[in-house]
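The primary structure of each chain is shown beneath.
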Amino acid sequence: MGMEEILRTTASRWMEGTGNFSDVVISCRIRLARNLEGYPFPNALSETQAKQVIKEVEDAITKVPKEMGAFQFATLDDVSPLERFVLVEKHLISPQHAENPIGRAVVIKEDQSASIMVNEEDHLRIQCLLPGLNLENAWQEASQIDDMLEGSLDIAYGEKSGYLTACPTNVGTGLRASAMVHLPALVLTNQASRVLGLLPQLGLAVRGLYGEGSEAMGNLFQVSNQVTLGKTEEDILANLSAVTRQIVDKEKEARQVLLEDAREQVEDRVWRAYGLLSNARLISGQEALALLSDLRLGMDLGILSHPSPEVFSELIVITSPAHLQFFTGREMSAAARDMERAKLIRSRLS
Amino acid sequence: MYCDECKQRPATVHVTKIINGQKHESHLCPQCAQKDQEMVSFNPSFAIPNFLAALFNLNSQIEEKILPAQSAVCSKCGLSFEQITQTGRLGCNECYSEFADKLEPLLRRVHGSGQHVGKVPLRRGGSIRQRKEIEQLRALMQQLITREEFEQAAQIRDQIRSLEQGLGG
């Protein structure tokens with residue numbers, strides 16, 4: 001399987017719609033920041049050094065035992081701008097990584113559950129993405145990849161500060177764990193900001209769909225840890241899991257309240273979303289996301305019997321701008337994309 | 001070309017933003033560009049480095065009063081602490097030891113702690129791993145002693161001794 005096939009395969013493991021609390025927790029992610037000892041951090045790296053780092057990582061990847069799974073390697077300037085944003089929409093690389101391809105590379109596990117960004121903010125950003133609330137497994141997988149790379153790379157580490165990172169907010173464990181939660185009922189009942197507003201006090205941050213700096217769309221929120229130093233990985237994950245389960249409980253309570261007190265309104269909302277999505281001829285990304293959120297709520301409340309949760313995650317990804325243009329094979333204006341998006345959604349829902 | 005915002009003054013600032021793969025172009029006059037910048041600064045992705053830089057500066061402000069300004073640079077990457085405070089990014093792994101004194105209070109402020117207790121690298125962390133294990137065993141031994149379980153404590157003590165011999169001291 002080459003990079004082309006990875007790009008063309010729309011189904012990623014995190015989209016499966018399975019795992020713990022999958023009716024609220026769409027996916028969870030582990031990210032480990034690591035650096036090589038012999039080089040300055042990427043922000044202070046020369047072009048030659050950047051190439052050397054990439055070469056070292058590429059060599060380390062070839063030594064990966066087969067049972068760890070197959071990995072694909074590519075330097076980012078070999079990937080077209082459009083394809084890079086396809087990888088962003090698949091959550092395999094960050095928008096920052098896609099925007100600055102020079103001296104950067106990416107390694108992707110073929111089932112798309114793991115990826116490594118090379119020379120992003122740190123030399124290595126190991127990432128694992130799984131469906132549902134499954135942080136422990138994602139951590140084990142990421143940690144295994146970390147161990148395997150450390151077998152042949154000299155990783156910057158200090159006894160006091162732990163894993164050394166370019167930004168002091170990541171130092172120590174270098175671990176950022178996050179859970180993507182779908183909270184339509186908390187938003188509908190105006191409780192989302194109250195519940196999510198408590199998180200900073202618990203050492204957690206809330207972000208939108210595409211991570212740092214992105215807006216919350218489609219009632220999707222990313223909850224992640226802030227502190228990376230002075231706590232063990234197990235403690236960090238346990239804290240995030242416990243708080244996420246609380247959020248899940250609150251969301252489920254709110255869904256119950258909606259069903260009991262406003263059943264007609266909720267059913268109306270869900271069926272309207274279904275009607276619009278299965279009939280619209282032009283639909284913007286934002287509108288699609290909002291309606292898909294209503295649709296997903298309908299599936300989770302048993303109002304709709306189809307489509308499956310998998311379709312929800314897949315549609316969010318494949319109706320994003322880069323995916324639409326990649327699959328039609330041409331550059332499109334926003335208006336043309338709206339038409340293509342509507343067509344795609346109709347075909348998936350019929 | 002006139003400014004997209006006020007449509008009065010000539011546009012001299014050209015901004016291209018790529019958000020989630022969508023390209024947005026705007027052509028602005030200097031006055032409106034300034035306003036645009038102010039709006040951008042509310043974006044959380046900009047706020048984190050700024051926030052960090054502020055924390056760094058808080059450090060240096062306190063220190064400047066005590067110590068005369070030193071323009072120390074990292075011997076490995078050549079970055080000065082001033083440059084680090086501006087970007088909020090360190091230059092290399094050595095920066096952590098070169099600027100340890102200045103970083104310590106910042107790390108405490110951000111993380112509430114200055115000591116890593118998590119994962120130790122498998123290959124390179126061999127002796128660190130053993131030392132951590134000894135520390136954990138010592139703590140366990142103390143617990144056993146306070147519970148007056150001396151036989152078990154003695155076993156742990158022997159275990160610690162053999163580990164220490166393995167470390168060469």
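So, how was this worked out
Residues take numbers from 1 onward in each chain, read along the sequence in its written order. As they are written, the chains are lettered A onward and the ligands numbered 1 onward, keeping that order. Under the rules for a predicted model, residues below a pLDDT of 70 receive no local features and side-chain atom pairs below 80 are neither given nor counted, while totals for whole chains, interfaces and linings still include all residues. To obtain the side-chain values, all non-hydrogen atoms of the structure were included, while hydrogens and water were left out. Here a helix means four or more residues in a row that DSSP labels H or I, a strand means two or more in a row labelled E, and each is numbered from the N terminus. For the radius of gyration, the atom set is restricted to C-alpha positions; the globular benchmark scales as 2.2 Å times the number of residues to the power 0.38. For the exposure calls, accessible area comes from a 1.4 Å probe over protein chains only, and a residue counts as buried if that area is under 20% of its type's maximum, exposed if over 50%, partly exposed in between. Contacts are assigned to residue pairs that have any heavy atoms within 4.5 Å of one another. The Shrake-Rupley method, run with a 1.4 Å probe, gives the accessible areas here. Residue values count only the displayed protein chains as cover. Under this rule, positive means Lys or Arg and negative means Asp or Glu; His and the chain ends count for nothing. Think of each charge as sitting on NZ of Lys, CZ of Arg, CG of Asp or CD of Glu. Think of it this way: a Phe, Tyr or Trp ring, Trp meaning its six-membered ring, pairs with another when their centres are within 6.5 Å, and the plane angle makes it stacked under 30 degrees, edge-to-face over 60, tilted otherwise. In this description, a line fitted to the C-alpha atoms serves as the axis of each element, helices being fitted only across the stretch in contact, and the angle between N-to-C directions of two axes falls anywhere from 0 to 180 degrees. Note on terminology: angles under 35 degrees are roughly parallel, angles over 145 are roughly antiparallel, angles of 65 to 115 are roughly perpendicular, and the others are oblique. In this scheme, a crossing is called left-handed if the near helix is turned counterclockwise away from the far one by less than a right angle; it is called right-handed if the turn is clockwise. Each residue is assigned to one of three groups, with Ala, Val, Leu, Ile, Met, Phe, Trp, Tyr, Cys and Pro labelled nonpolar, Asp, Glu, Lys and Arg labelled charged, and all others, Gly among them, labelled polar. Take a side-chain nitrogen of Lys or Arg and a carboxyl oxygen of Asp or Glu: if they are within 4 Å of each other, that pair is a salt bridge. Polar contacts, as used here, are pairs of N or O atoms within 3.5 Å; protein pairs need one atom able to donate a hydrogen and one able to accept it. Residues neighboring in sequence count only if both atoms are side-chain atoms. Helix span is expected to be 1.5 Å times the residue number reduced by one. Should DSSP find at least two bridges between two strands, the strands are regarded as paired.

### Quick word on the overall build of chain A
So, step 1. Secondary structure assignment for chain A yields 13 helices and ten strands.
So, step 2. Relative to the compact-globule value of 20 Å for 350 residues, chain A shows a C-alpha radius of gyration of 21 Å, a close match.
So, step 3. Summarising its shape, the C-alpha atoms of chain A cover approximately 65 × 45 × 35 Å along the three principal directions.
So, step 4. Split into buried and exposed, the 350 residues of chain A put 61% on the buried side.
So, step 5. In chain A, the proportion of contacts linking residues at least 24 apart, taken out of those at least 6 apart, comes to 72%.
So, step 6. Total accessible area computed for chain A in this model is approximately 13400 Å², and 48% of it derives from carbon and sulfur atoms.
So, step 7. Averaged over its 34 positive side-chain charges, chain A has a centre that lies 4 Å from the centre of its 48 negative ones.

### Re the packing of aromatic side chains
Where two aromatic rings form a pair, the distance of their centres and the angle of their planes describe that pair.
Residues and elements named next belong to chain A.
So, step 1. Under the counting rule described, the total for this entry stands at four aromatic pairs over all chains.
So, step 2. Seen in terms of ring centroids, Phe 326 and Phe 327 are 5.3 Å apart; in terms of plane orientation they differ by 85°. Their pairing is edge-to-face.
So, step 3. Look at Phe 327 and you get partly exposed, because its relative accessible area is 35%.

### Topic: the environment of Met 141 of chain B
Residues and elements named next belong to chain B.
So, step 1. Along the polypeptide, Met 141 turns up in helix H6 (residues 126-146).
So, step 2. Judged by its relative accessible area of 14%, Met 141 falls in the buried class.
So, step 3. Note: C-alpha distance between Met 141 and Ile 156 (15 residues apart in sequence) is 6.2 Å.
So, step 4. Every residue in contact with Met 141, bar those within four places of it in the chain, is listed here: Ala 153, Ile 156, Arg 157 and Ile 160.

### Re the packing of helix H9 (residues 263-279) of chain A against helix H10 (residues 285-300) of chain A
Residues and elements named next belong to chain A.
So, step 1. Between H9 and H10, the least distance of the axes is 8 Å, while the angle of their chain directions is 130°. By the angle class used here, H9 and H10 are oblique. The way H9 lies across H10 gives a crossing that is left-handed. On H10, the residues that touch Val 266, Arg 269, Val 270, Ala 273, Tyr 274, Leu 276 and Leu 277 of H9 are Glu 287, Ala 288, Leu 291, Leu 292, Asp 294, Leu 295, Leu 297 and Gly 298.
So, step 2. For the contact of H9 with H10, the residue count by class is eleven nonpolar, one polar and three charged.

### Points about the interface of chain B and chain A
So, step 1. Between chain B and chain A, the residue contacts involve 39 residues of the former and 53 residues of the latter.
So, step 2. Put simply, chain B and chain A have six salt bridges between them.
So, step 3. A salt bridge links Glu 159 of chain A to Arg 131 of chain B; the shortest N-O distance between them is 2.8 Å.
So, step 4. Between chain B and chain A we count 22 residue pairs in polar contact (both at pLDDT 80 or more) in total.
So, step 5. Of all the secondary-structure elements, those providing two or more residues to the side of chain B that touches chain A are helix H2 (44-66), helix H4 (93-98), helix H5 (100-111) and H6 of chain B.
So, step 6. A class-by-class count of the residues in the side of chain B that touches chain A yields 17 nonpolar, 14 polar and eight charged.

### A few points about H5 of chain B
Because each turn of an α-helix spans 3.6 residues, side chains separated by three or four positions end up pointing in the same direction.
So, step 1. The terminal C-alpha atoms of H5 of chain B lie 15 Å apart, and with twelve residues this matches the ideal 16 Å at 1.5 Å per residue to within 8%.
So, step 2. Just beyond H5 of chain B, the residue with positive phi is Gly 112 of chain B, at close to 75°.

### Overview of the pairing of strand S10 (residues 220-225) of chain A
All names here are of chain A.
So, step 1. With six of six residues buried, S10 lies mostly within the body of the structure.
So, step 2. What you see with S10 is no split at all: Leu 220, Gln 222 and Ser 224 on one side and Phe 221, Val 223 and Asn 225 on the other are buried throughout.
So, step 3. Both strand S9 (residues 204-207) and S10 contribute to a ladder of four bridges, which runs antiparallel. Looking at S10, one finds that Ala 205 is bridged to Ser 224.

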